[in-house]
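One letter stands for each residue in the lines below.
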Amino acid sequence: MANEPNGPARQGNRVVFAWLMGATVAAIAAMLPAQLFLLDQPLFGASGDPVPLVVGFAIANIVLSAVAIAVGLHLEPSVRMGVPLLRSWLAGDGVVTRPVSPTLLRCSASGFSLAAMVLTCGWIFRSQLPELPEKFVIPPIWQGILMMLSAAVREEILFRLFALNLSVWLAMRVLRKPEPTTAIAWSTNVLVALIFALMHLLPAAQLLDLNAMAGILAIILATVAGVLLGWVYWRHGLLMAMFTHAVGGVLLLIGARGLMTFAS
């Protein structure tokens, strides 16, 4: 096959895989305090010791992430999307061989804009939003921040490195294109962003009594967020998509807690 990596490239993939798996394990560990806090609440109250449930969730996430990383890296040469910044850092013996400050600035602005968009819409349509369940206790802010950072790593691996790479590759095969076109990249990005939105809506719908307006608004906002993150991944790679996701998620968490405090 034309895109079959040679020996050094395969070895490089193993190193990149190890780094991404290390980040995944760290991300899963970071969300454990919030998971244990939530499972200890009567609203979620798991009968018995919650530790086995949390451990099982962690193992399942590690296995899923390993598959997602392996597939995403295998498809990277074909779809031209992946982890260029990490590869540059590894090739430069720990030194990034190209300037990243302008990209970090743009991604920071994108994350800020994403959080501002969601918070503004939430404030405008606050009358349509459901109340939190009576017995629900919000985790401490440090646990919430760790959860957001964890989500930035795990979700970008799953939805961008895996799902977007796979979708682009499948579209290229169906349309018999030797390389990804702009139309393929945008259409698959929107599709994956919609899946990203629905996967976020399902747990929210189980916790909250969402009306039709709130549900539609949540899907639209999460889809827009997914498209933006997909674009960042497409243009700048996985690490910058994680960074943008993390900035937007942490700012959204802090802003939402501030709005709830102000409203009360």
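Residues numbered from 1 in each chain as written. Predicted model: local features only at pLDDT ≥ 70, side-chain atom pairs only at ≥ 80, totals over all residues. Heavy atoms only, no water.

**Some remarks on unusual backbone geometry**
So, step 1. Despite not being glycine, R80 has its phi angle at roughly 65°, a positive value.
So, step 2. Considering the arrangement of structural elements, one finds R80 in the loop between α3 (51-79) and α4 (84-91).
So, step 3. The exposed category is assigned to R80, whose relative accessible area is 54%.
So, step 4. If you check the backbone angles, R176 has positive phi at about 55° while not being a glycine.
So, step 5. Here R176 is to be found in the loop between α6 (141-175) and α7 (182-207).
So, step 6. Overall, the relative accessible area of 77% leaves R176 in the exposed class. (Helix = DSSP H or I, 4+ residues; strand = E, 2+ residues; numbered from the N terminus. Buried < 20%, exposed > 50% of the residue type's maximum accessible area, 1.4 Å probe, protein only.)

**Quick word on the nonpolar core**
So, step 1. In this structure, L20, I69, V83, I157, V168, Y233 and L238 are the most contacted members of the largest nonpolar core, which totals 33 residues.
So, step 2. Elements that contribute at least two residues to this core include exactly α1 (7-30), α3, α4, α6, α7, α8 (212-236) and α9 (238-263).
So, step 3. Element by element, the count of residues in this core is highest for α6, at 9 residues.
So, step 4. Those residues in contact with I157 that lie beyond four places of it in its chain are L20, T24, S65, A68, I69, F162, L238 and M242. (Core = buried A, V, L, I, M, F, W, Y, C linked by side-chain atoms within 4.5 Å. Contact = heavy atoms within 4.5 Å.)

**Re the pattern of salt bridges**
So, step 1. Throughout the structure, instances matching the rule amount to 3 salt bridges.
So, step 2. Note that E179 is salt-bridged to R80, the shortest N-O span being 3.4 Å. Taken as a pair, E179 in the loop between α6 and α7 and R80 in the loop between α3 and α4 lie far apart in primary sequence, 99 residues in all.
So, step 3. Taking relative accessible area as the criterion, E179 reaches 42% and is therefore assigned partly exposed.
So, step 4. Here R160 makes a salt bridge to E156, at a shortest N to O gap of 2.8 Å. Taken as a pair, R160 and E156 lie in helix α6 at a separation of 4 residues, close to a single helical turn. (Salt bridge = Lys/Arg side-chain N within 4 Å of Asp/Glu carboxyl O.)

**Side note on α4**
So, step 1. Within α4 the residues assigned to the buried category are L85, L86 and S88. Along the long axis of α4, the arc covered by the buried residues comes to 160°, so they all point the same way. (Arc of directions from axis to C-beta.)

**Some remarks on the packing of α6 against α8**
So, step 1. For the pair α6 and α8, interaxial distance at closest approach is 11 Å and the crossing angle is 70°. Looking at the two axes, α6 sits roughly perpendicular to α8. With respect to the hand of their crossing, α6 and α8 are arranged in right-handed fashion. Across the interface between the two elements, E156, R160, L161, L164 and N165 from α6 touch G226, L229, G230 and Y233 from α8.
So, step 2. Among the residues forming the contact of α6 with α8, the class breakdown is 4 nonpolar, 3 polar and 2 charged. (Axes fitted to C-alpha atoms, helices over the stretch in contact; angles between N-to-C directions. Parallel < 35°, antiparallel > 145°, perpendicular 65-115°, else oblique. Left-handed = near helix turned anticlockwise from the far one by under 90°. Nonpolar A, V, L, I, M, F, W, Y, C, P; charged D, E, K, R; others polar.)

**Quick word on α6**
So, step 1. With 35 residues, α6 extends 47 Å between its outermost C-alpha atoms, agreeing within 8% with the 51 Å of an ideal straight helix rising 1.5 Å per residue.
So, step 2. Directly after α6, the chain includes R176, whose backbone phi takes a positive value near 55°. (Expected span 1.5 Å × (residues − 1).)

**Examining a nonpolar patch on the surface**
So, step 1. There is a patch of nonpolar side chains on the surface, built from L36, V51, V55, I59, V63 and V67 and spanning about 480 Å² of accessible area.
So, step 2. Mapped onto the elements, V55 comes out in helix α3. (Patch = residues over 30% accessible without salt bridge, like charges linked within 9 Å, V, L, I, M, F, W, Y side chains within 5 Å. Areas by Shrake-Rupley, 256 points an atom, 1.4 Å probe, with all protein chains shown as cover.)

**Let's talk about the environment of A152**
So, step 1. Within the secondary structure layout, A152 lies in helix α6.
So, step 2. Owing to a relative accessible area of 1%, A152 belongs among the buried residues under this scheme.
So, step 3. Put simply, A152 and L239 are 87 residues apart on the chain and 9.7 Å apart in space, counted from C-alpha to C-alpha.
So, step 4. A152 has contacts with M242, H245 and A246, leaving out every residue within four places of it along the chain.

**Remarks on the confidence of the model for the protein chain**
So, step 1. Summarising the model, the protein chain shows a mean pLDDT of 89, and 90% of its residues fall at 70 or more.
So, step 2. Of all the helices and strands in the protein chain, α1 carries the lowest mean pLDDT, 85, while α6 carries the highest, 97. (pLDDT = per-residue confidence, 0-100.)

**Some remarks on the packing of aromatic side chains**
So, step 1. Under the counting rule described, the total for this entry stands at 3 aromatic pairs.
So, step 2. Measuring from ring centre to ring centre gives 5.2 Å for F159 and F196, while their planes differ by 90°; the resulting arrangement is edge-to-face. Of this pair, F159 sits in helix α6 while F196 sits in helix α7, placing them 37 residues apart in sequence.
So, step 3. Arranged with centres 5.6 Å apart and planes meeting at 90°, the rings of W186 and W234 form a pair that is edge-to-face. (Phe/Tyr/Trp six-rings, centres within 6.5 Å; stacked < 30°, edge-to-face > 60°.)

**Looking at the packing of helix α5 (residues 101-124) against α8**
So, step 1. It is the contact of α5 with α8, at a shortest axis distance of 10 Å, that shows an interaxial angle of 175°. One finds that α5 runs roughly antiparallel with respect to α8. Only L217, L221, V224, A225, L228, V232 and H236 of α8 make contact with α5, whose side of the interface consists of T103, R106, C107, S110, L114, M117, V118 and C121.

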